[in-house]
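Remarks on the overall topology
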Amino acid sequence: MKFLENYNFSQDDIEEFENNTPKKMKKTLTDNVALVEENLKYLSNLGINTYKEIFINYPDMFLLDNSNFVEIFSKYETADLIERLNANFKLVEYL
């Protein structure tokens, strides 16, 4: 999970993720690192400050094809989406 450092994940964030994520999920994420990074980059560039929390709690979401991933977020008005997800990352469940 070393690649997470490229997205400003702290060592504590990475440890939390590794301690709370099943081995199979970690392997799948590692096997698809380019896709995961593309989706991480999208959320980060969109201005969603809680992208780390979203990744830690909903890692399977980052395995979606990038076009499908982007489509989930593009259904909503960007400024409102950013404000709501920055206030409560758990709202991502309802998108």
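None of the values given here were measured: they were computed from a predicted structure.

Calculation rules
- Residues numbered from 1 in each chain as written.
- Predicted model: local features only at pLDDT ≥ 70, side-chain atom pairs only at ≥ 80, totals over all residues.
- Heavy atoms only, no water.
- Buried < 20%, exposed > 50% of the residue type's maximum accessible area, 1.4 Å probe, protein only.
- Helix = DSSP H or I, 4+ residues; strand = E, 2+ residues; numbered from the N terminus.
- Arc of directions from axis to C-beta.
- pLDDT = per-residue confidence, 0-100.
- Phe/Tyr/Trp six-rings, centres within 6.5 Å; stacked < 30°, edge-to-face > 60°.
- Core = buried A, V, L, I, M, F, W, Y, C linked by side-chain atoms within 4.5 Å.
- Contact = heavy atoms within 4.5 Å.
- Salt bridge = Lys/Arg side-chain N within 4 Å of Asp/Glu carboxyl O.

1. Describing helix α2 (residues 23-31)
The set of residues buried in α2 consists of M25, K26 and L29. Down the axis of α2, the buried side of the element spans an arc of 100°, and every buried residue falls inside it. Turned more than 90 degrees from where α2 packs its buried face, K23, K24, K27 and D31 sit exposed.

2. Brief notes about the confidence of the model for the protein
When pLDDT is low, close inspection of the predicted coordinates is not appropriate. Residue-level pLDDT values for the protein average 94, and 100% of them are 70 or greater. Mean pLDDT across the elements of the protein ranges from a minimum in helix α1 (residues 11-20), with 92, to a maximum in helix α3 (residues 33-46), with 96.

3. Regarding the packing of aromatic side chains
Within the structure shown, the criterion is met by eight aromatic pairs. For the pair F55 and F62, a centre-to-centre distance of 5.1 Å together with 70° between the ring planes defines the contact as edge-to-face. By the burial criterion, F55 is buried, and F62 matches it. Taken together, a centroid distance of 5.3 Å and an interplanar angle of 45° make the contact between F62 and F69 tilted. In this structure, F62 and F69 share a single accessibility class: buried. Among the aromatic residues, those joined into a ring-pair cluster are F9, F17, Y42, Y51, F55, F62, F69 and F73.

4. Some thoughts on the nonpolar core
Residues L40 and F73 are the most contacted members of the largest nonpolar core, which totals 29 residues. Mapped by element, the contributors of at least two residues to this core are α1, α2, α3, α4 (51-57), α5 (66-74) and α6 (78-87). Setting aside residues up to four positions removed in sequence, L40 forms contacts with F3, L4, Y7, F9, Y51, F55 and F62.

5. Quick look at the pattern of salt bridges
Taken as a whole and assessed by the stated rule, the structure comprises three salt bridges. The shortest N-O distance in the salt bridge between D31 and K27 comes to 2.9 Å. Of this pair, D31 and K27 both sit in helix α2, four residues apart, which is roughly one turn of the helix. Here R84 ties to D80 by a salt bridge, and the two come within 3.0 Å at their closest N and O atoms. Pair noted here: R84 and D80 are both in helix α6, with a separation of four residues, about one helical turn.

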